[in-house]
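These are the residues of each chain, in order.
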Amino acid sequence: MEYKSIEREVLAAFSFLCQTPHPPKAETVLADRLAERLCAKGFRPWQDARGNLVCDLPASTGLEQRPLTAIQAHLDMVCAVGSSSYVPERDPIHPIERDGFLCTAGESSLGADCGAGVAVMLWLADHPEIQHPPLRLLFTVEEEIGLCGARDLDPTCLQGVCYLVNTDGFHWGRIVTGAAGGVRERYTRPLTWVDAPQLPNGRAYRLSWSGLRGGHSGFDIGARRANAVLLMGELLREIRMESPFALADFAGGAAFNAIPYQSTAQILTIAPAKDAIEAIGARIIGRCRQTDPDIRLDIEEIDLPERVWNGDVSSGLLTVLGGFADGVYAMHQADKQAVSDSSNLGHVYVADGQVCLDAMIRCMDRQAEHALITSHRAVCGMCGFARQVVSQYPAWCDQSDTDLTRWAADCYREVTGQPSEITVQHVGLEPSRLLEKNSDMSCICVGMELHDCHSPQERWKLDTIAPFVDMLTRLLARIANH
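Basis of the calculations
Residues numbered from 1 in each chain as written. Predicted model: local features only at pLDDT ≥ 70, side-chain atom pairs only at ≥ 80, totals over all residues. Heavy atoms only, no water. 1 Å grid on protein atoms, 1.4 Å probe; cavity = no way out; pocket = protein on both sides within 12 Å on 5 of 7 lines; lining within 4 Å. Points joined across faces, edges and corners; volume = space filled by probe spheres on them. Helix = DSSP H or I, 4+ residues; strand = E, 2+ residues; numbered from the N terminus. Nonpolar A, V, L, I, M, F, W, Y, C, P; charged D, E, K, R; others polar. Salt bridge = Lys/Arg side-chain N within 4 Å of Asp/Glu carboxyl O. Buried < 20%, exposed > 50% of the residue type's maximum accessible area, 1.4 Å probe, protein only.

Colleague: What should I look at first to understand the layout of surface pockets in this one?
Modeller: Where empty space is left becomes clear once a probe the size of a water molecule has been rolled over the atoms. By volume, the largest pocket amounts to about 530 Å³. Along the wall of the largest pocket there are 23 residues; nearest its centre are Pro 24, Ile 145, Ala 254, Ala 255 and Phe 256. Secondary-structure elements contributing two or more residues to the lining of the largest pocket are helix H4 (148–151), strand E9 (181–190), strand E19 (339–351) and strand E21 (386–393). Across the lining of the largest pocket, the residue classes break down as 13 nonpolar, three polar and seven charged. Taken as a whole, the second largest pocket encloses approximately 460 Å³ of empty space. If you trace the second largest pocket, you find 21 residues lining it, with Gly 82, Gly 211, Tyr 261, Pro 456 and Gln 457 closest to the centre. Within the residue set of the lining of the second largest pocket, elements represented by two or more residues are strand E11 (203–210) and strand E15 (263–269). With three residues, E11 is the largest single contributor of residues to the lining of the second largest pocket. Here the lining of the second largest pocket is built from residues that sort into six nonpolar, 11 polar and four charged.

Colleague: I'm lost on the pattern of salt bridges in this one. Help?
Modeller: A side chain with one charge can pair with a side chain of the opposite charge if their charged atoms come near. With the rule as written, the count across this model stands at 29 salt bridges. Glu 238 is the partner of Arg 283 in a salt bridge, and the nearest nitrogen-oxygen pair spans 2.9 Å. Residue Arg 283 is found in helix H6 (residues 274–288), and its partner Glu 238 is found in helix H5 (residues 228–242); the two are separated by 45 residues along the sequence. Residue Glu 238 is classed as partly exposed on the basis of its relative accessible area, which comes to 22%. Residues Asp 401 and Arg 406 are paired through a salt bridge, measuring 2.8 Å at the closest nitrogen-oxygen approach. With a relative accessible area of 66%, Asp 401 lands in the exposed category. If you follow the salt bridges from partner to partner, you end up with Arg 213, Asp 220, Arg 225, Asp 452 and Arg 459 in one network.

As structure tokens, then:
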């Protein structure tokens, strides 16, 4: 295989995906375009009632009776916005190459999670000369909001499948054989407004945290990066001790499963307070520089608001932000470098007359999951916030002792000369749902090298594309000839 040619072809397939916006619940147009592309190649793709796209690739000649193998990726992406002019439901993604990576100019996330895997699957469909057993390509929907497409996949799609390769991995050389379960929680409280007080010396400020690294709440939570929503809560609580204020607006983060990299608030103070705010912000920035070197606080004086939040609501929110269990809760007992249990407060916003907090818990340990839920319910309940479970999925129990895992490890060593890392991972992965429909499958998750997913800094390491394709095609040949 000519590696440069493989890389160019995979990137061309990825560019095809980038032309069509595909946030969760809006994958239909992209699925239709993929189906048209596959039909033009002579295949017969179909969609189940949930919108998942399925396409069978006939086995290479003489291998028709070999085990049916599924290659799987999800179509949706977390649309992290880095520019006020970018509208993810409307605008295409504009990938660029920079310093050995594919990325954007910072206006949006790249969508390599899991567009990189989808692009490789399209490459397979374009290369019938590759030796392989009967293949089933599975393109699922709404993974980023709770593995919903995989949960609702028509069970007939997995009938007879012996091996499943999920391509949603973020680290080249890592073979994932198990994953954490997840719970998406939403806490809400009705928002009431009051007329802004008349203050002769009053000032209004828009406060904005930006430049934080953010990232994926599974893969990046162990890096201990700052959470912009919690930093805004901390800033406001400290400001209140220097100068009483009324809250006129608060928003931050973007999704349950993304570490917030920006947040904003508007406040009305009884007197000029910019110097005090700058001093408080400088202390916070100094503490966060190690994990978030580009962190920035902007303080803009704005027109006095006509109305502000009721004091009980604003105090309740700031109390929740001070007591919400967030970040790493526990590490794995066997592997002290791996996170076992965590929580991420990913999004705070106002919608339908309510203050909303979206959080995601990830756990391998059911007792830890119960402890985190109990903590969240307690602090939010005391502050007037009601809880709703938006989605929930189980853990994928470790499958490291399978032929599929051993074959994948052998193929990685053949390609690189190095041993692979075989591990369970602190993310929600679709095999946890797919195994519910066919518990006899052996599953692995593999992928290329992706950094800072779920953020505008997302990037895909170009020199891992062709070696990954090489490993995958070797694995398919190994399955076909077993």
